Amino acid sequence: MDLDRLGDNYDDEFQNLRVDQAGRVVPITKARFMQRFTDMKARGMSLEPAADATFPTTTTFGDFGVIVMRRVKEDRPVLYAFVWRLRDGRPTTILREFTFEHDLSHLIQIIQAARAG
């Protein structure tokens, strides 16, 4: 896994905002987001292609573009909206990722444990 190339896709101002059906929101900075991939690489893991991903819509507005992706996680749909910066009409870096999941309880517990520890 080439972490530098992966990191170059994400804007310095990148933030992943995860939202669940209960309305809970977990913001994740670029540093924390990229740490996940660093940890995976350290354990000898790699990213698997998202064979189940579909892309129901895209749009552009000004210097930004949005790509919506749908996947299935634990038999439930998960929606992602990636907001890209555009330069000359072409995507440069991902500025935001909105992730709409069923339940963020597990992620919230991990974050709370890390803060306490």
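Residues numbered from 1 in each chain as written. Predicted model: local features only at pLDDT ≥ 70, side-chain atom pairs only at ≥ 80, totals over all residues. Heavy atoms only, no water.

## A few points about the overall build of the chain
A tally of helices and strands in the chain yields three helices and six strands. Tracing the chain from N to C terminus, the helices and strands come up as α-β-β-α-β-β-β-β-α. Within the chain, the fraction of its 117 residues that count as buried is 33%. Within the structure as shown, the chain displays about 8,100 Å² of accessible surface, and the carbon and sulfur contribution to it stands at 51%. Where the 17 positive side-chain charges of the chain centre and where its 17 negative ones centre are 2 Å apart. (Helix = DSSP H or I, 4+ residues; strand = E, 2+ residues; numbered from the N terminus. Buried < 20%, exposed > 50% of the residue type's maximum accessible area, 1.4 Å probe, protein only. Areas by Shrake-Rupley, 256 points an atom, 1.4 Å probe, with all protein chains shown as cover. Lys, Arg positive; Asp, Glu negative; His and termini not counted. Charge placed at Lys NZ, Arg CZ, Asp CG, Glu CD.)

## Digging into the sheet that holds strand 3 (residues 54-61)
Where strands meet in a sheet, backbone hydrogen bonds hold them as pairs that are either parallel or antiparallel. The strand order across the open sheet formed by six strands is 2-1-6-5-4-3, and the pairing between neighbours is mixed. What marks the edges here is a single partner per strand, and that holds for strand 2 (25-29) and strand 3. Taken over all neighbouring pairs, the strand axes of this sheet differ in orientation by 20° on average, direction set aside. Two elements, strand 5 (residues 76-87) and strand 6 (residues 90-101), share eight bridges in a ladder whose sense is antiparallel. (Pairing = 2+ DSSP bridges. Axes fitted to C-alpha atoms, helices over the stretch in contact; angles between N-to-C directions.)

## Remarks on the side chain of Asp11
With respect to the helices and strands, the residue Asp11 is situated in strand 1 (residues 10-20). Of note is the side chain of Asp11, whose polar atom sits 2.9 Å from the backbone nitrogen of Glu13. Setting aside residues no more than four positions away along its own chain, Asp11 makes contact with Lys30, Arg85, Thr93, Ile94 and Leu95. (Polar contact = N/O pair within 3.5 Å; in protein donor to acceptor, adjacent residues only side chain to side chain. Contact = heavy atoms within 4.5 Å.)

## Here's the deal with the layout of surface pockets
The volume enclosed by the largest pocket comes to roughly 1,500 Å³. Forming the walls of the largest pocket are 42 residues, and the residues nearest its centre are Arg18, Phe33, Arg36, Tyr80 and Glu97. Counting residues per element, the lining of the largest pocket draws most heavily on helix 2 (residues 30-42), at seven residues. Its residues assigned to classes, the lining of the largest pocket comprises 24 nonpolar, six polar and twelve charged. (1 Å grid on protein atoms, 1.4 Å probe; cavity = no way out; pocket = protein on both sides within 12 Å on 5 of 7 lines; lining within 4 Å. Points joined across faces, edges and corners; volume = space filled by probe spheres on them. Nonpolar A, V, L, I, M, F, W, Y, C, P; charged D, E, K, R; others polar.)

## Side note on the packing of aromatic side chains
Following the criterion strictly, the structure yields six aromatic pairs and no others. Ring geometry for Tyr10 and Phe14: centres 4.8 Å apart, planes at 70°, overall edge-to-face. The interplanar angle of 55° and the centroid separation of 4.9 Å between the aromatic rings of Phe14 and Phe33 together place this pair among those described as tilted. One end of the pair, Phe14, is in strand 1; the other, Phe33, is in helix 2, and 19 residues separate them in sequence. Residues Phe14 and Phe33 agree in their burial class; the two are buried. (Phe/Tyr/Trp six-rings, centres within 6.5 Å; stacked < 30°, edge-to-face > 60°.)

## Looking at the nonpolar core
Judged by nonpolar contacts, the single largest core of 21 residues is most densely connected at Tyr10, Val26, Phe33 and Phe37. Of all elements in the fold, only helix 1 (3-8), strand 1, strand 2, helix 2, strand 5 and helix 3 (105-116) reach the threshold of two or more residues within this core. (Core = buried A, V, L, I, M, F, W, Y, C linked by side-chain atoms within 4.5 Å.)

## Remarks on helix 3
Taking 1.5 Å per residue, twelve residues should reach 16 Å; helix 3 reaches 16 Å between its end C-alpha atoms and fits that length. Within helix 3, the full set of buried residues consists of Leu107, Ile108 and Ile111. Down the axis of helix 3, the buried set is contained in an arc of 100°. They therefore lie on one face. Those residues of helix 3 that are exposed and angled more than 90 degrees off the buried face are His106, Gln109 and Ala116. (Expected span 1.5 Å × (residues − 1). Arc of directions from axis to C-beta.)

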